[in-house]
Amino acid sequence: MASKETASTAKRIKGRVTLNKGLKYLFLVATLVGLVFLALLIYRVLTQGIGYLNFDFLTSFPAPFPEEAGFLAGIMGSVFLMLLTAPIAVILGVSTALYLEEYAAKNRFTRFIQVNVQNLAGVPSIVFGLLGLTFFVYLFGMGYTLIAGALTMSLLILPVIVVASQEAIRAVPNDLREASTGMGASKWQTIWTIVLPASVPGILTGSILALSRAIGETAPLIVVGAATTIYSIPDSLFANYTAMPIQIYSWIIRPQPEWQFVAGAGIIVLLVILLAMNAIAVWIRNKFQHRY
Amino acid sequence: MESTTNQAKSVQLMIQQNKQKRNVRKTTESLIPTFLLISAVISVLTTVGIFFTLLRESIVFFSEVSFAEFFLSAHWSPWTGSFGVLSLIAGTLLITLIAIAVALPLGFASAVYLSEYATPRTRKVIKPVLEVLAGIPTVVYGFFALTFVTPILQSLIPGLLVFNALSAGIVVGIMIVPMIASLSEDAMNAVPNSLREGALAMGATKLETTFKVVVPAALSGIVASVVLGISRAIGETMIVTIAAGASPNLTFNPLESIQTLTSFIVQGATGDTSFGSTIYYSIYAVGMTLFVFTFAMNLLSQYIVRKFKEDY
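Cut-off values and rules
Residues numbered from 1 in each chain as written. Chains lettered and ligands numbered in written order. Predicted model: local features only at pLDDT ≥ 70, side-chain atom pairs only at ≥ 80, totals over all residues. Heavy atoms only, no water. UniProt positions renumbered as here; feature names shortened; annotations may be inferred. Helix = DSSP H or I, 4+ residues; strand = E, 2+ residues; numbered from the N terminus. pLDDT = per-residue confidence, 0-100. Axes fitted to C-alpha atoms, helices over the stretch in contact; angles between N-to-C directions. Left-handed = near helix turned anticlockwise from the far one by under 90°. Nonpolar A, V, L, I, M, F, W, Y, C, P; charged D, E, K, R; others polar. Contact = heavy atoms within 4.5 Å. Buried area = accessible area lost by both parts, 1.4 Å probe. Salt bridge = Lys/Arg side-chain N within 4 Å of Asp/Glu carboxyl O. Polar contact = N/O pair within 3.5 Å; in protein donor to acceptor, adjacent residues only side chain to side chain.

1. Section: the UniProt feature "domain: ABC transmembrane type-1" (unreviewed entry) in chain A
UniProt feature "domain: ABC transmembrane type-1" (unreviewed entry): in the numbering of this structure it lies at residues 75–280 of chain A. Helix makes up 77% of residues 75–280 of chain A and strand 0%. Its end C-alpha atoms lie 19 Å apart.

Here's what the structure looks like:
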């Protein structure tokens, strides 16, 4: 009787252990599905696009034939868009973070701004496009221009930069602030010479990641009227423009299959740039960020 | 004698200069918080701007199309004057359902594996690679859905249309896996080790510890991550625009071509929509609908985290 019970207990324990082991592998496989998908995606894009990726592709404008199509307008459009978006979004974002972390009293108004920033981060990007269309394109009369696109993008990535900057500023220990104040520095002197330099790596990392998101954004730019076919590099704030994802989109939706290869080539360029930006962000984080 | 007056003068000058400096500093000290506050207010103005924009243009829209038609009719064909948003909502829900059916098991299992089973070294490698998935532009996902996933599905399911909800939904699901995995893992990591050790010491297997101790303790964070994932799937634009088609259908058949709220906005913004036409205003009415859905989801997610957060 007793031995029977021990036997069944042993069997049950064995079953539980086996189940544990089995499900462990199931969880591992599920984790790998995402990674395999990523590998497939990269492999697929590479094999599709590499044949069309050459020097001419990078240095020429769109063409009616896939063999002659170029990506220059998209690359330069994205570069100019980012050159405008980055300073606007970073200055506004860091200022907001400084206000919330260093100056704001802990009252309802501050909490309201904080919650508002969080909610803004969850608004679909295409809704930012509608905001840009109403305010920048029509109300301020900018039309379908580079500056309208850049302002829309700035507002889109603002919440991400605010949150990243807040974390970086919060990580600066109070000892440093107190030491600075104790030496007779004013509040702003302390912020400018102590707090900001210490939090620059975190702010930079967050900003680069936010910008790399902006480079890949398509939907809001479509809504604020980025051109799909353009034969020039923007020469002023009020020039028409396109961007890399917009050009890729315009190639994907063409019915002739050859354009898929051109789209693949464009995607390779886009992904290489994104990868480089992410690598820089990670490098900054590892190199300069230290714990106190 | 002369040198002393000079010295006296220069001392006076120095005092004056110091005073000036102090004044300048005083003004900066008082101006800077104001400037920073203005920056902070811009984020509030953005929200107000979004709300105002959507509301104002939607009101114009509803002066031309009745509320009842918009919310009760299922026929969406703006170019012929039918504005029944139900078919767009159905398309959006269909995509969201498929996406969550893909992302929930994959994301949850990844989180369990990374937080409970993986060695620190494995986690250090897998987590960032998984997060690369989140950084890939959605236009690239759309391309992949249309040119890779759809042909594979077509060979498995005969009669599957080129533009279909299934392919787009699966890829949207893959896109939100890293988000659910990462947020759920954070929640599970926050469960203190003493709880795990207690369960293990009582003879529970790792699996039992995970599902009877860790997951219940981290449930609010896990649920919140799924709700956020749903919100992301509702607002996703490019994948569905490229791969799901542009046929507003009141259908829950994933093999059919559909149109979502977001992909209509893209279509409306790129088509020959003239400023001030009913179609132009319909973009905003659809945008308002989308905004309300995602906003509700985001608030719900924040509420869950705040309300059910366990403190140890």
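2. Comments concerning the UniProt feature "transmembrane region" (unreviewed entry) in chain A
Residues and elements named next belong to chain A. The feature "transmembrane region" (unreviewed entry), as given by UniProt, occupies residues 25–46, 71–100, 120–140, 146–169, 190–211 and 259–284 in the numbering adopted here. In residues 25–46, helix accounts for 100% and strand for 0%; the two terminal C-alpha atoms are 31 Å from one another. What you have in residues 190–211 is 100% helix and 0% strand, and the ends, taken at the C-alpha atoms, are 28 Å apart.

3. As for the confidence of the model for chain A
It should be kept in mind that the predicted coordinates are not to be read in detail where pLDDT is low. Per-residue pLDDT for chain A has a mean of 91; in total, 98% of the residues score no lower than 70. When the elements of chain A are averaged for pLDDT, helix α2 (residues 55–59) of chain A gives the smallest value, 85, and helix α6 (residues 146–170) of chain A the largest, 96.

4. A few points about the packing of helix α3 (residues 86–117) of chain B against helix α6 (residues 165–189) of chain B
Helix packing geometry: the angle between the two helix axes and the distance between the axes. Residue and element names in this part refer to chain B. Two numbers describe how α3 lies on α6: the axes approach to 6 Å, and their chain directions differ by 35°. Crossing of α3 against α6: the hand is right-handed. Taken together, the residues that form the contact of α3 with α6 break down as 24 nonpolar, 7 polar and 2 charged.

5. Some words on the interface of chain B and chain A
Residue-level contacts link 78 residues of chain B with 70 residues of chain A. Roughly 6,500 Å² of surface becomes buried between chain B and chain A when both sides are summed, with 78% attributable to carbon and sulfur atoms. Taken as a group, Leu-36, Phe-143 and Phe-144 of chain B account for 10% of the area that chain B buries against chain A, more than any other trio of residues on that side. In this assembly, chain B and chain A are joined by 1 salt bridge. Residue Glu-208 of chain B is joined to Arg-16 of chain A by a salt bridge in which the shortest nitrogen-to-oxygen separation is 2.6 Å. Viewed at the interface, chain A and chain B are joined by 13 residue pairs in polar contact (both at pLDDT 80 or more). Among the elements that make up the side of chain B that touches chain A, the one with the highest residue count is helix α1 (residues 2–64) of chain B (22 residues). Tallied by class, residues from the side of chain B that touches chain A come to 50 nonpolar, 21 polar and 7 charged.

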